[in-house]
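# Summary of structural features
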Amino acid sequence: MRRNLYLHYFGDRGRLHISESQLRELIAEESGPARRLDEAGDGFSLSFDDAHASLNEVAPLLRALEVPATVFVPTAYVGSSEHFLTWDDLRALRDQGWTIGSHSVSHALMSWHHAHESSAEYAARLDEECGRSRETLQRELGIAADLFAYPYGDACDAARAAVERAGYRAAYTVASSMDWDGDPLRTPRLDALPAPPVKTTEPVGFTVVVPAYERAEILAEVVTRLASQSYPDTHYEVLVVDDGSSTDLRPIFEEMPANVTLLRGDADASFRAGQARQFGADRARFEYLAFLDADVAVGEDYLWHLDWVHRQAGEAVVLGYLSGYNLHDLEPLTGRTDSHTLDNVAPLGAPTDAQRVILDRQREPPLRRCLDNLDWLQDPWRLCYTGNLSVPKALLERIGGFAEVFRGWGLEDVDLGIRLHAALEASPASGGGRWVMSRWAMGWHLVDPEEEVRNPFRKPKPVRADFERYLTNLELLRTRHQDDPTVQAFASGSRADVEETCSRPKTVGIECGGQARFRSTVHRTMHRVQPGGMPTNELLDRVAYGKKVGAEYVYLLGGEPAERDDLASVLEAASFADWISMQSSGHALADPACVARLSAAGLRGVTLLLYTLDETIHETVFGEAGAGLLRTALDALASSSLEVDARLVVMPDTVEGLEALAAELARRGIDVGEVCTTDPALDARVRALGFDPIPAAP
């Protein structure tokens, strides 16, 4: 049968890239007589996932070699950053004969049933991922896309059903061979990249280190799951390091297998998780270390998922996913019960998709922006949680292990991540070290609803005294890495987060993600673009934070909040605030019914992000979006009860019309709150017109 081969990126820049020489060799091999004889002459297909910008570079080469190709597009990512193709790029590939297929809307792992979803809501979300992506390709490219590639190759039953409902002719997964049962909606594809060298066909050896401090009941669940791994027990050990508990933890281990051991660390009953982890690492007998927190439960195949990465990735730091991390403190405010507790965590041996997942609201936004490809991040160490982390023991030893100076909760793992990153950056380019995010090496964060939380950010009403130890650790981090500007920026931002949390801010801004139907030519300059926009649950979490700190004003910004189907529910959740306003480019507000609906849901004000009202200039800035929509929106807003002001954006195309725009707004009684410039060279001209410009950074 035909060999279906998949790739991601073209070039010599790192992981998931195929170089020109490698691609030429691949095509020659697949087209050669030996392959044709082996495969009964059915040939091969070549596809690229993710719509990466490097396809602009590979297209001429494939055209010269007369090799057709398919690109599978996650539609929310198109044009969202320099890493991805634009719609114009995709139209050009279409015209060159490329096949365009869907890779969903937001590239979500489709087997993940979010904890807050009902079964019907889960199915509806998958239908949206499959159906809306197809509709978008039809609208933007004029094609009836009938091919689909499952994100991460995850063709679970629910995903397959959604693909079928959306009407795709064929759908592709990821496989290790072309063995196939003939189901067109689970057609296998093979990784076309050259296979990395594998040191051994045997499973690698793991020492799992768990620092423990009190919480015996949760620890018992965690240890039982580790003792029940499907991994060969000759290839792993579990070292639980008691970090000064007053509770006797020994009864938990009385019936555990021989490879599960309780150690008494050099503890002083002061909660020193980094030192406890290092105590275990120093006694490890295997070459790979897996660190888990004492409240992180894993599935029985957890170590197999780590093994798969380490045997392929060279010197890698593997970040396992943490379901339910950084969320449970907001449940009393949202009315949800999303936490993983001992009562609702899936039992051992349950099917993988029986365990619902709670997205990590802290790591999801950066992970989504880079499609989990941490090579694109300047500072992947920000995502370094030692609650679920795996590293080669030799690498940990090379950087000196966990620092002893950190005490109490927080930042010992960030410090470790910074030093790991420096070591990986110094690794040789060929087979060098890298960061890997694994959504398969899942850990479920267990909580005790009755327990007082250690993380000061999660306390119901935190005060500065709660952050004393954290701020000390933050200063240690800053001084230890004072020559690294990314660390200094992290420290400044973290201190600002503490100040905001403790000062009970009157205003909380909620970033909606920067998506918009009509985007200006400087859209990414104006917005923190989140492909697909921020998920509803993350917006509601941010609203709940505003309620937690007693905010009086809620401001929705980023792209076009008015286009969100869930905006009314977000506004209703923010009803605790005295005033709710949002930023809008205005196009979506041309419908008076939309304005009335948002007003009824609690919206009180709108800040219009305006460039021009001139028809010709507007078309230059926004493409086909008509300036008439803006004038209609201004009329709709004038007849509403909403308070309207404006933020004017000045760019080279619009600076000439600034005075006329301001005069038109004044005639309509709309105040100009800010004037921002996309280029500092425009500042003098703007000042000459009587305005005080600010930079247009989001």
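In case you missed it, the structure is sitting above this.
Residues numbered from 1 in each chain as written. Predicted model: local features only at pLDDT ≥ 70, side-chain atom pairs only at ≥ 80, totals over all residues. Heavy atoms only, no water.

## A closer look at the overall build of the protein chain
For the protein chain, the count of helices and strands is 23 helices and 24 strands. Taking 26 Å as the expected radius of gyration for a compact globule of 698 residues, we find that the protein chain reaches 27 Å, a close match to that expectation. With respect to the three principal axes, the spread of C-alpha positions in the protein chain is 80 × 75 × 50 Å. Residues classed as buried in the protein chain amount to 57% of the 698 residues present. In the protein chain, once contacts between residues fewer than 6 apart in sequence are set aside, the share between residues at least 24 apart is 75%. Carbon and sulfur atoms make up 49% of the accessible area of the protein chain, which totals about 29300 Å². Charge centroids of the protein chain, computed over 69 positive and 107 negative side chains, lie 2 Å from each other. (Helix = DSSP H or I, 4+ residues; strand = E, 2+ residues; numbered from the N terminus. Rg over C-alpha atoms; globule rule 2.2 N^0.38 Å. Buried < 20%, exposed > 50% of the residue type's maximum accessible area, 1.4 Å probe, protein only. Contact = heavy atoms within 4.5 Å. Areas by Shrake-Rupley, 256 points an atom, 1.4 Å probe, with all protein chains shown as cover. Lys, Arg positive; Asp, Glu negative; His and termini not counted. Charge placed at Lys NZ, Arg CZ, Asp CG, Glu CD.)

## Remarks on the sheet that holds strand S22 (residues 643–650)
The strand order across the open sheet formed by seven strands is S18-S19-S20-S21-S22-S23-S24, and the pairing between neighbours is parallel. Here the strands that pair on one side only, and so sit at the sheet edges, are strand S18 (507–511) and strand S24 (693–695). Strand-to-strand, the axes of this sheet are offset by a mean angle of 25°, without reference to chain direction. Pairing between strand S23 (residues 671–677) and S24: three bridges, direction parallel. Pairing of Cys676 across the sheet is with Ile694, part of S24. (Pairing = 2+ DSSP bridges. Axes fitted to C-alpha atoms, helices over the stretch in contact; angles between N-to-C directions.)

## A word on the pattern of salt bridges
Scanning the entire structure with this criterion turns up 43 salt bridges. We note a salt bridge from Glu315 to Arg398, for which the minimum N-O separation is 2.9 Å. With Glu315 in the loop between helix H9 (302–310) and strand S15 (316–323) and Arg398 in helix H12 (residues 393–398), this residue pair connects regions lying 83 residues apart in the sequence. Between Arg667 and Glu664 there is a salt bridge, and its shortest N-O distance comes to 3.0 Å. In this pair, Arg667 and Glu664 are both assigned in helix H22 (residues 658–667), three residues apart and thus about one turn of the helix distant. By relative accessible area, Arg667 is classed as exposed at 61%. One continuous salt-bridge network, built from bridges that share partners, spans Asp88, Arg91, Arg139, Glu140 and Arg517. (Salt bridge = Lys/Arg side-chain N within 4 Å of Asp/Glu carboxyl O.)

## A word on the environment of Pro456
Along the chain, Pro456 falls in the loop between strand S17 (434–445) and helix H14 (468–480). When the C-alpha atoms of Pro456 and Glu214 are compared, they prove to be 18 Å apart, with 242 residues separating the residues in sequence. Beyond its immediate chain neighbours, meaning those up to four positions away, Pro456 contacts Trp409, Pro462, Asp466 and Phe467.

## Some remarks on the nonpolar core
Membership of the largest hydrophobic core comes to 57 residues, with the highest contact counts inside it found for Phe291, Val317, Trp435 and Leu477. For this core, the leading source of residues is helix H13 (residues 412–425), giving six residues. Setting aside anything within four residues of it in sequence, one finds Trp435 in contact with Arg15, Val317, Leu319, Leu374, Asp375, Pro380, Trp381, Cys384, Gly417, Leu420, His421 and Leu424. With 49 residues, the next largest nonpolar core counts Val543, Val549, Val570 and Leu661 among its residues. (Core = buried A, V, L, I, M, F, W, Y, C linked by side-chain atoms within 4.5 Å.)

## Points about the sheet that holds strand S10 (residues 206–212)
Read from one edge to the other, the open sheet built from eight strands follows the order S12-S11-S10-S13-S16-S15-S17-S14, with strand pairing classed as mixed. The open sheet is flanked by strand S12 (260–264) and strand S14 (296–298), the only strands paired with a single partner. Geometrically, the sheet is characterised by an average inter-axis angle of 30° between neighbouring strands, direction not taken into account. Strands in contact with helix H8 (residues 273–282) are S10, strand S11 (236–242), S12 and strand S13 (288–292); relative to S10, the strand with the most contacts, it is inclined by about 145°. With respect to the sheet, H9 is in contact with S10, S11, S13, S14, S15, strand S16 (388–392) and S17, its orientation differing from that of S17 by roughly 175°.

## Focus: H13
Its 14 residues give H13 an end-to-end C-alpha distance of 20 Å, which sits within 8% of 20 Å, the value for a rise of 1.5 Å per residue. Most of H13 sits inside the fold, with 12 of its 14 residues counted as buried. Turning to H13, its buried residues number three or more, namely Glu412, Asp413, Val414, Asp415, Leu416, Gly417, Ile418, Arg419, Leu420, His421, Ala423 and Leu424. (Expected span 1.5 Å × (residues − 1).)

## As for the packing of H14 against helix H15 (residues 485–503)
The N-to-C vectors of H14 and H15 enclose an angle of 165°; their axes lie 9 Å apart at closest approach. Taken together, the axes of H14 and H15 lie roughly antiparallel to each other. Both H14 and H15 take part in a crossing whose hand is left-handed. Here Tyr470, Leu471, Leu474, Glu475, Leu477 and Arg478 of H14 lie close against H15, whose contacting residues are Val487, Gln488, Phe490, Ala491, Ser494, Arg495 and Val498. Split into classes, the residues belonging to the contact of H14 with H15 amount to eight nonpolar, two polar and three charged. (Parallel < 35°, antiparallel > 145°, perpendicular 65-115°, else oblique. Left-handed = near helix turned anticlockwise from the far one by under 90°. Nonpolar A, V, L, I, M, F, W, Y, C, P; charged D, E, K, R; others polar.)

## Describing the pairing of strand S5 (residues 70–73)
Residues Thr70 and Phe72 line one face of S5 and the alternating positions Val71 and Val73 line the opposite face, and both faces are buried. A crossover connection joins strand S4 (residues 44–49) to the parallel S5 through helix H3 (residues 55–64); in handedness this β-α-β unit is right-handed. Sheet topology note: the S5/strand S6 (residues 99–102) ladder contains four bridges and is parallel. Bridge pairing in S6 links Val71 to Ile100. Between the parallel elements S5 and S6, the chain passes through helix H4 (residues 87–95) in a crossover that is right-handed. (Right-handed = clockwise from strand over helix to strand, strands pointing away.)

## Some words on the packing of helix H5 (residues 119–141) against helix H6 (residues 157–166)
The contact between H5 and H6 brings their axes to 9 Å, and the two run at 45°. Our classification of the angle between H5 and H6 gives oblique. In terms of crossing hand, the pair formed by H5 and H6 is right-handed. Where H5 approaches H6, its residues Tyr122, Ala123, Leu126, Asp127, Cys130, Gly131 and Arg134 are matched on the opposing element by Ala158, Ala159, Ala162, Val163, Arg165 and Ala166. Counted by class, the contact of H5 with H6 contains nine nonpolar, one polar and three charged residues.

## Some thoughts on unusual backbone geometry
Phi at Glu66 takes a positive value of approximately 60°, unusual for a residue other than glycine. The topology assignment puts Glu66 in the loop between H3 and S5. If you check the backbone angles, Tyr152 has positive phi at about 65° while not being a glycine. Turning to its location among the elements, Tyr152 is positioned in the loop between strand S7 (147–149) and H6.

## Re H8
The buried fraction of H8 is high, at nine of 10 residues. Tucked into the core, H8 has its buried residues touching S10, S11, S12, S13, H12 and H13.

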